[in-house]
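Structural overview for review
So you can see what is in the structure, the chains are spelled out below.
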Amino acid sequence: MPPGDPKEKLAAARNTTVAPAPIAFGAAWYPEQWPEAQWAHDLALMRKTRMNVVRVGEFAWSTMEPRQGEFDFDWLDRAIDAAVAQGFDVVLGTPTAAPPAWLTEAYPDVLRVGEDGVRAGHGGRRHFSFASARYRRFARRIASEMARRYGRNPNVIGWQIDNEIGPPSFDGEARARWSAWLEAKYVSVDELNARWSTAYWSQTYQRFDQVPLRATGQQNPALLLDFKRFVTDVWTDYVDNQASAIREHADGRQWITTNTMHWNGGFDHPKMHRDLDLAAWDNYIPDGRPDWLDNGAQHDLVRGYLRRNFWVMETQAGHVDWVEINRALDPGQVREMGWQAIGHGADGLLYWQWRSALNGQEQYYGVLAGPGGEPTYIFDEIARTGAEFERAAPALAGTAPRAEVAMLFSYDSRWAIEIQRHHRDFEPIAAFMSWYRPLRTQAQAVDIVPVDAPLDDYRLVVAPHLNVLPASDAMRLEAYVRRGGCLVLGPRSGMKDEFNALHTERQPGPLVEALGARVEQFYALDEAVGVSGALGSGEVRIWGEMLRTRSPATKVLMRYRHPGGWLDTEAAMVARELGKGVITYVGAWLDDALMQVWAARALERVGIEPILADVPDGVEVASRVGAGSRVLILINHADTPRRIALPRAMVDVLAGGELRKFELPAHEVAVLQDPAGGMR
Ligand code: GLA
């Protein structure tokens, strides 16, 4: 970049060191929905929970810009002042998830069009087109106006762009962007035709604008995968449009993020975060029945977007209101989920929402303050959590989780499998979790990172279903192994190139030589198939691949038992030592007991010990280290008490004193500072 280039200035302004302490604890507060006379009461009550941050402004566009070009921020000035007066920091949300009526009325072309061709109407949210240049001009303008006013406000600590970046649009502008995107990627339409094998079913295109914009249906898998990447790029550009507007006015201390959702597969999340300062997500347990491993995996996934601590920008104050049965979390579980977030690396936790709006679409939602401003059933539990966070903040400051095992999460591979599951039950997240569960319970720390993350710090790298494996990624993975890494590939790995085309070499494609084995054939299974070998005996469900070795150095570790079937006596798992490391391929969806044994052996082989040995079932262990502190967070997710025995006495951060052997009651939490320190 030439010196003085505006991009360079913006890059210099980027905040890359989000201050980690104290723990940000707060709620979504919508002052625009309330008479000003009630603000002080709300904020004072909020302070009783030890909250120290409020998130304000998202969705308030019609209040900030009541008529086109007429801005009213006086109320927001006063709301910020009121919050600051009671000791709060402020996170500002840009309001662009909810365009005002004047905008959609005067410019209906900004409204989103569904894949079915139906244009959205006013009254909900997310009803704008992500591709609309006009919408972006309006969005940039409101973001700029906000940043000009608050970009140097010492009490505004950061920005959330939009809210839960969401559905794509299929309007004319989106189609034009799609054609341009394809042209930029493929340059010539002949190249696209070749990569997509469009001679198949007479799809051959003469021009890029002939290529349909489709997300579903009987379309070429290359098109459907590129659609996801296109959506990623358009949304990233949409977010960057606002981020750059904010950075023009904001000082470098203010960070910029956006809040993402529950396992959302709508776009590639690490890619979207490349130019953001902080990752954040909205952590909901819609059925009110937490699966702590599933929830923990999502924290780890979000920590992997930027490979550093993150925020939970929203979490439920008891219950949600958008599923069929909106069950409340049990007593103690809101606190439990709060501590789990911290254990996995959250430096901020904000509840949604503070107080029930009297009307609007979410009247039944869990809140801390009811419609009259009085505390609800969950208030005391959240207040207890806040007091504990405050107490633990000095020990937690500057700490982060550290893992020696990484799982690769590839959005491309997830999408490629979703596009062609081949077996109804090969659900990519369930497949991923069948590997995560045993690893997390045994290693007690797992990073989830994109395929292009640096891997050398990990002793074990697991890629559960790396279906899309371009040669360049394969080379990096092979180099990791040769340098001494331990790489484990799961079923369906190495089948496709970056265009979602089959590799001409069978799976794992560009890693066949390194592995010294290949997949002769894959089989969708509608009944369990036996398997036995180095891990013991058990069952394969859903998916089984027939492996054949091609090198004497490659060892068969598991074989199928399937009398009369294709897989009988064939290899299900192979491994080869390569350079200073080892590469393993597991071609089957193994049952949970076998996966536990697999994880134990894999961790033992590379010398990864649990953070805390002999921990009873249902107790989650998390640790955060750094700045001379090592904090263990133990959570009993079970319904009965558990006995804990620590290797040495540790400081009980919450209650004071020391703990060594103790009982952890059901749904209770222990936060321990280990005087001996440690790497994990
Ligand atoms: C999302 C939104 C919030 C609210 C909650 C309710 O997370 O960001 O505005 O609607 O859902 O679950």
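Reading the values: rules and limits
- Residues numbered from 1 in each chain as written.
- Predicted model: local features only at pLDDT ≥ 70, side-chain atom pairs only at ≥ 80, totals over all residues.
- Heavy atoms only, no water.
- Helix = DSSP H or I, 4+ residues; strand = E, 2+ residues; numbered from the N terminus.
- Buried < 20%, exposed > 50% of the residue type's maximum accessible area, 1.4 Å probe, protein only.
- Contact = heavy atoms within 4.5 Å.
- Areas by Shrake-Rupley, 256 points an atom, 1.4 Å probe, with all protein chains shown as cover.
- Lys, Arg positive; Asp, Glu negative; His and termini not counted.
- Charge placed at Lys NZ, Arg CZ, Asp CG, Glu CD.
- Phe/Tyr/Trp six-rings, centres within 6.5 Å; stacked < 30°, edge-to-face > 60°.
- Polar contact = N/O pair within 3.5 Å; in protein donor to acceptor, adjacent residues only side chain to side chain.
- Pairing = 2+ DSSP bridges.
- Axes fitted to C-alpha atoms, helices over the stretch in contact; angles between N-to-C directions.
- Left-handed = near helix turned anticlockwise from the far one by under 90°.
- Expected span 1.5 Å × (residues − 1).
- Arc of directions from axis to C-beta.
- Near = heavy atom within 4 Å.
- Nonpolar A, V, L, I, M, F, W, Y, C, P; charged D, E, K, R; others polar.
- Parallel < 35°, antiparallel > 145°, perpendicular 65-115°, else oblique.

Scanning the protein chain for helices and strands turns up 18 helices and 25 strands. Here the C-alpha coordinates of the protein chain stretch approximately 80 × 75 × 55 Å along the principal axes. A burial count over the protein chain gives 60% of its 680 residues as buried. Expressed as a percentage of contacts within the protein chain between residues at least 6 apart in sequence, the contacts between residues at least 24 apart total 73%. Of the roughly 26,300 Å² of accessible surface on the protein chain, 50% is carried by carbon and sulfur atoms. If the 74 positive side-chain charges of the protein chain are averaged to one point and the 88 negative ones to another, these points end up 4 Å apart.

Taken as a whole and assessed by the stated rule, the structure comprises 41 aromatic pairs. Their ring planes at 85° and their centres at 6.0 Å tell us that Y186 and W196 sit as a pair that is edge-to-face. Here Y186 is found in helix α7 (residues 172-186), whereas its partner W196 is found in helix α8 (residues 189-196), with ten residues between them in sequence. Across the pair, exposure class does not vary: Y186 and W196 are buried alike.

Another point: the environment of D300. Within the fold, D300 resides in helix α11 (residues 292-306). The sequence separation of D300 and V110 amounts to 190 residues, and the corresponding C-alpha distance is 36 Å. Ignoring anything within four residues of it in the chain, the contact list for D300 reads H344, Y436, R440, V446 and I448. Side chain to side chain, D300 and R303 meet in a polar contact 2.7 Å long.

Take the sheet that holds strand β23 (residues 642-652) next. Overall, antiparallel pairing links the five strands, which are arranged β21-β22-β25-β23-β24 in an open sheet. Each edge of the sheet is formed by a strand with only one pairing partner; in this case those strands are β21 (619-626) and β24 (658-664). Going from strand to strand, the sheet's axes swing by 20° on average, the running direction of each strand aside. Pairing analysis gives five bridges linking strand β22 (residues 629-636) to strand β25 (residues 669-673), with the strands arranged antiparallel.

Further remarks concern the packing of helix α6 (residues 133-150) against helix α9 (residues 221-247). It is the contact of α6 with α9, at a shortest axis distance of 7 Å, that shows an interaxial angle of 30°. As α6 packs across α9, the resulting crossing turns out to be right-handed. Counted together, Y135, R136, A139, R140, A143, S144 and A147 of α6 and V234, D237, Y238, N241, Q242, S244, A245 and I246 of α9 form the full contact between these two elements.

So, on to helix α18 (residues 592-606). Compared with an ideal rise of 1.5 Å per residue, which puts 15 residues at 21 Å, α18 spans 21 Å between its outermost C-alpha atoms and is within 8% of the ideal. Taken together, the buried positions of α18 are L594, M595, W598, A599, A602, L603 and V606. Buried residues of α18 fall within an arc of 160° about the axis and therefore sit on the same side. Set apart from the buried face of α18 by more than 90 degrees, the exposed residues are A593 and E604. Measuring from the side-chain oxygen of the N-cap residue of α18 to the backbone nitrogen of A593 gives 3.1 Å; that N-cap residue is D591. Residue G607 follows α18 closely and has a positive phi angle near 75°.

Where β23 lies against β24, six bridges are found, and the strand directions are antiparallel. Counted as the bridge partner of I644 is F662 from β24. Once β23 ends, the chain turns through five residues before running back antiparallel as β24, passing G656 with a positive phi of about 85°. Taken together, the two bridges between β23 and β25 define a ladder with antiparallel strand orientation. Residue pairing across strands places D652 opposite L672, the latter belonging to β25.

Let us look at unusual backbone geometry. In most cases, non-glycine residues show a negative phi, while peptide bonds are predominantly trans. Note the cis peptide between W352 and Q353, where omega equals -15°. Its location among the elements puts Q353 in the loop between β9 (346-352) and α13 (379-396). Going from Q507 to P508, the amide bond is cis rather than trans, its omega being -5°. In the Ramachandran plot, W201 falls in the positive-phi region, its phi being about 55° despite a non-glycine side chain. With respect to the helices and strands, the residue W201 is situated in the loop between α8 and α9.

All residues in the neighbourhood of the ligand are listed as F59, R125, N163, E164, D282, Y284, E314, W322, W352, E362 and Y365. Between an oxygen atom of the ligand and a side-chain N or O atom of W322, the distance comes to 2.7 Å. Its free accessible area being 300 Å², the ligand has 97% of it covered by the protein chains. Within the shell around the ligand, the residues separate by chemical class into five nonpolar, one polar and five charged.

Our next topic: the side chain of D268. With respect to the secondary-structure elements, D268 resides in the loop between β6 (259-261) and α10 (269-272). Dropping the residues within four chain positions of it, D268 is found in contact with T232, Y411 and W415.

What follows deals with the packing of α7 against α9. Put simply, α7 and α9 touch, their axes get as near as 10 Å, and they point 105° apart. By the angle between their directions, the pair α7 and α9 is classed as roughly perpendicular. The residues of α9 that touch α7, namely those facing A174, R177, W178, W181, L182, K185 and Y186, are L223, D226, F227, R229, F230, D233, V234 and D237. Looking at side-chain class alone, the contact of α7 with α9 contains nine nonpolar, no polar and six charged residues.

Next up on the list: the sheet that holds strand β1 (residues 24-28). Strand order across the open sheet formed by nine strands is β5-β4-β3-β2-β1-β9-β8-β7-β6, with parallel pairing between neighbours. Single-partner strands in this sheet number two, and they are β5 (255-257) and β6. Between one strand axis and the next, the sheet turns by 25° as a mean value, whatever way the strands run. Pairing of strand β8 (residues 310-316) with β9 involves five bridges; the strand directions are parallel. Residue pairing in the sheet places F310 in a bridge with A346 of β9. Packing against the sheet, helix α4 (residues 74-85) makes contact with β2 (53-56), β3 (89-93) and β4 (156-160), and its axis sits at approximately 150° to β3.

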